[in-house]
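An overview of the molecular structure
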Amino acid sequence: MAGEKRKNRRREKRGESKADPAGLGRGWTRSRHRCYFFRPMYKLHATAEGIVIESQGKYVLPSPALSWNSLFASADAAAMVAAALQNGRPAPAPTRPGAPLESQEIWAAGVTYFRSRTARMEESKDSGGGTFYDKVYKAERPEIFFKATPHRVAAPGEAVRIRQDSRWNVPEPELTLAINSAGRIFGYTVGNDMSSRDIEGENPLYLPQAKLYHKSAAIGPCLLIADPLPATTEISIEIRRGGAGVFAGRTALSEIKRTFTDLATYLFRENSFPHGSYLMTGTGVVPPDEFTLRSGDEIRITIAPIGTLINSVA
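Presented here is an overview of the structure given in this document. All of these numbers come straight from a predicted model, not from anything done at the bench. (Residues numbered from 1 in each chain as written. Predicted model: local features only at pLDDT ≥ 70, side-chain atom pairs only at ≥ 80, totals over all residues. Heavy atoms only, no water.)

**A word on the overall build of the protein**
Looking only at helices and strands, the protein features eight helices and 20 strands. For the protein, the proportion of its 314 residues judged to be buried stands at 50%. Carbon and sulfur atoms make up 51% of the accessible area of the protein, which amounts to about 14,900 Å² in all. (Helix = DSSP H or I, 4+ residues; strand = E, 2+ residues; numbered from the N terminus. Buried < 20%, exposed > 50% of the residue type's maximum accessible area, 1.4 Å probe, protein only. Areas by Shrake-Rupley, 256 points an atom, 1.4 Å probe, with all protein chains shown as cover.)

**Some thoughts on unusual backbone geometry**
In this structure, the amide linkage connecting Ser63 to the following residue, Pro64, adopts the cis form with an omega of 0 degrees. Mapped onto the elements, Pro64 comes out in the loop between strand S5 (58-62) and helix H2 (68-73). At the junction of Gly220 and Pro221, the peptide bond is cis and its omega measures out at 5 degrees in the coordinates. With respect to the element layout, Pro221 can be found in strand S15 (residues 217-225). Phi angles above zero are rare outside glycine, and Val111 is one such case at about 55 degrees. Here Val111 is to be found in the loop between strand S7 (105-110) and helix H4 (114-123). Judged by relative accessible area, which is 3%, Val111 ranks as buried. Positive phi values are uncommon outside glycine, yet Lys215 reaches one of about 60 degrees. Among the secondary structure elements, Lys215 is positioned in the loop between helix H7 (207-211) and S15.

**Some thoughts on the side chain of Thr251**
Along the chain, Thr251 turns up in strand S17 (residues 244-252). Take Thr251: its relative accessible area is 11%, and that puts it in the buried class. Excluding residues within four positions of it along the chain, Thr251 makes contact with Tyr113, Thr233, Glu234, Ile235, Gly284 and Val285. (Contact = heavy atoms within 4.5 Å.)

**Examining the sheet that holds strand S10 (residues 159-160)**
One open sheet holds the five strands; their spatial order is S10-S20-S19-S16-S17, and the pairing between them is mixed. The open sheet has two edge strands with one neighbour each: S10 and S17. (Pairing = 2+ DSSP bridges.)

**Here we look at the side chain of Thr281**
Relative to the helices and strands, Thr281 resides in the loop between strand S18 (277-280) and strand S19 (298-303). Look at Thr281 and you get buried, because its relative accessible area is 0%. Reaching out from Thr281, the side chain makes a polar contact with the backbone oxygen of Leu175 at a distance of 2.6 Å. (Polar contact = N/O pair within 3.5 Å; in protein donor to acceptor, adjacent residues only side chain to side chain.)

**Structural notes on the nonpolar core**
Grouped together as the largest cluster of nonpolar side chains are 42 residues, with contacts concentrated most on Leu175, Leu293, Ile299 and Ile306. Only S7, strand S12 (173-179), strand S13 (185-193), S15, strand S16 (234-241), helix H8 (260-268), S19 and strand S20 (307-313) provide two or more residues apiece to this core. Listed in part, the 29 residues of the second largest apolar core include Ile51, Leu66, Phe72 and Ala84. (Core = buried A, V, L, I, M, F, W, Y, C linked by side-chain atoms within 4.5 Å.)

**Some details on the pairing of S17**
On a regular strand, one side chain projects to one face of the sheet and the next to the other, so that they alternate. As defined by bridge partners, S16 adjoins S17 across eight bridges and the pair is classed as antiparallel. Looking across to S17, one finds that Ile239 is bridged to Phe247. A loop of two residues connects S16 with S17, the two strands running antiparallel in sequence, and Gly242 in this loop sits at a positive phi of about 65 degrees.

**Focus: the packing of aromatic side chains**
Applying the stated criterion across every chain yields a total of six aromatic pairs. Here Phe72 and Phe186 contribute two aromatic rings whose centre-to-centre distance is 5.0 Å and whose plane-to-plane angle is 80 degrees, an arrangement assigned as edge-to-face. Residue Phe72 is located in helix H2, and its partner Phe186 is located in strand S13; the two are separated by 114 residues in the primary sequence. Judged by its relative accessible area of 5%, Phe186 is buried. A centroid spacing of 5.9 Å and a plane angle of 85 degrees characterise the contact between Trp107 and Phe273, whose relative ring orientation is edge-to-face. (Phe/Tyr/Trp six-rings, centres within 6.5 Å; stacked < 30°, edge-to-face > 60°.)

**Overview of the environment of Gly220**
When you line up the elements, Gly220 lands in strand S15. In sequence terms Gly220 and Gly157 are 63 residues apart; their C-alpha atoms lie 9.6 Å from each other. Setting aside anything within four residues of it in sequence, one finds Gly220 in contact with Pro100, Pro156, Thr189, Val190 and Leu309.

**Quick notes on H8**
By the burial criterion, the buried members of H8 are Phe260, Leu263, Ala264, Tyr266, Leu267 and Phe268. Residues of H8 that are buried in the fold lie against S7, strand S8 (143-148), S12, S13 and S18. Within two residues after H8, Glu270 carries a phi angle of roughly 55 degrees, on the positive side.

Shape is all these values report; function is a separate question.
Rendered as structure tokens:
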């Protein structure tokens, strides 16, 4: 018992938690010899100087510099980051990080939570399109659509936009998968899938106009490279107007209907992503029907292991 306590104290000094021999919680992995090792988590921040790696409370600017394209092309991004940490210099904590992408497209999955199904059916009831969303929620094939090219993405702290020809606009807080060029999920970030509910509700075929426009997507504040997040992970959103909260909500990954592996598999089916891709995984938080965003609102989306993505509304 005393020996185990000493081992736990040494782990804590290295930034690790105590042993997790049963559950293999986040950060722990098992070798083929049934030994247990702590797999560190890395947060990667986009800065003007390059990618800054955050590990165990320290920030490092690697040399040679990492690129987002090389990370998304790597078969083992975590190993690439670990190697980069060996040759770098201390860096300050990023204060205004950019969006963590280079050539990566952003795609999105829809109607993956029951709350999303209900909201889509409600907004489309007058057009007769409500049954489409119930069917896709139950179907084996998920709804997957193109969301943004890199130049259309809002970085943390930048403004997202609402369409001028829309009267009903909402943010959609979503866990966003980082998928390498081989289709393997290796990391996570926070995503905001801006949506014009009245346009999509008028006719489901208008979805590209409701979803895909300039600054209709935001991701950040960093890219987390880690083992799969637990089902208890919460996604929360707060919308502030004039300094006061006007909406708040939360959900958990346990509420999603589909597995992330299935979503990534369908995205890569009959498609190619030489620079990898991001995939937003759908929302389980939808503001009430009477709510719409206004210019000047502040959107704060938090997923605890990753951080908080903050954007204003232009």
